[in-house]
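# Structural characterization, general
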Amino acid sequence: MNIGLLARIEAKPEDADKVEALLRDALQLAREEDNTVTWFAFRESATTFGVFDTFENEEGRAAHLQGRIAAALMEAAQTMLSSAPDIRPVDLLAVKLP
């Protein structure tokens, strides 16, 4: 794995619990993606969330961006988020896994 995505998600205060639930539920979708090596959803503050995931190649990253998790986030952006998710591609320099 040498590439990834880092997404920052800002929920509307009244929808933060719904965004948390959406991200928790997205774990099953991530497990179904063959090209997603690792997938993490996290919370930074009461309304700020994030997702970090990794891929072996650009094809896997592109497939993920066209997948069900991305579609759910874009749908949520219309009602539950204060702005569109900030999704950035990253190159991994070093990795430690168990």
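Below, the structure is looked at part by part. (Residues numbered from 1 in each chain as written. Predicted model: local features only at pLDDT ≥ 70, side-chain atom pairs only at ≥ 80, totals over all residues. Heavy atoms only, no water.)

## What about the sheet that holds strand β4 (residues 86-91)?
Spatially, the four strands line up as an open sheet ordered β2-β3-β1-β4, and their pairing is antiparallel. Only two strands of the sheet have a single partner each, and these edge strands are β2 (36-43) and β4. Neighbour to neighbour, the strand axes of the sheet diverge by 15° on average, direction disregarded. This element, helix α1 (residues 16-31), spans β1 (3-10), β2 and β3 (48-55) of the sheet and lies at about 165° to β2. (Pairing = 2+ DSSP bridges. Helix = DSSP H or I, 4+ residues; strand = E, 2+ residues; numbered from the N terminus. Axes fitted to C-alpha atoms, helices over the stretch in contact; angles between N-to-C directions. Contact = heavy atoms within 4.5 Å.)

## Regarding helix α2 (residues 58-65)
Of the residues making up α2, those classed as buried are Gly-60, Arg-61 and His-64. Seen along its axis, α2 keeps its buried residues to an arc of 100°; they face one direction. Close packing links the buried residues of α2 with β1, β2, β3, α3 (68-77) and β4. The distance from a side-chain oxygen at the start of α2 to the backbone nitrogen of Glu-59 is 3.2 Å, and the residue carrying that oxygen is Asn-57. (Buried < 20%, exposed > 50% of the residue type's maximum accessible area, 1.4 Å probe, protein only. Arc of directions from axis to C-beta. Polar contact = N/O pair within 3.5 Å; in protein donor to acceptor, adjacent residues only side chain to side chain.)

## A closer look at the packing of aromatic side chains
The way to describe two aromatic rings as a pair is by their centre distance and the angle between their planes. Tallying each qualifying case throughout the model produces one aromatic pair. Relative to Phe-52, the ring of Phe-40 lies with its centre 6.3 Å away and its plane at 25°, an arrangement referred to as stacked. Here Phe-52 lies in strand β3 and Phe-40 lies in strand β2, a separation of twelve residues in the sequence. Judged by its relative accessible area of 44%, Phe-40 falls in the partly exposed class. On the accessibility criterion, Phe-52 (22% relative accessible area) is partly exposed. (Phe/Tyr/Trp six-rings, centres within 6.5 Å; stacked < 30°, edge-to-face > 60°.)

## Side note on the pattern of salt bridges
Taken as a whole, this structure holds seven salt bridges when the rule is applied. Across the pair Arg-61 and Glu-58 runs a salt bridge, and its minimum N-O distance is 2.6 Å. Within this pair, Arg-61 and its partner Glu-58 are both found in helix α2, separated by three residues, close to a single helical turn. In this structure, Arg-88 engages Asp-86 in a salt bridge whose closest nitrogen and oxygen atoms are separated by 3.0 Å. Each of the salt bridges in this network shares a partner with another, and the network as a whole consists of Glu-20, Arg-24 and Arg-43. (Salt bridge = Lys/Arg side-chain N within 4 Å of Asp/Glu carboxyl O.)

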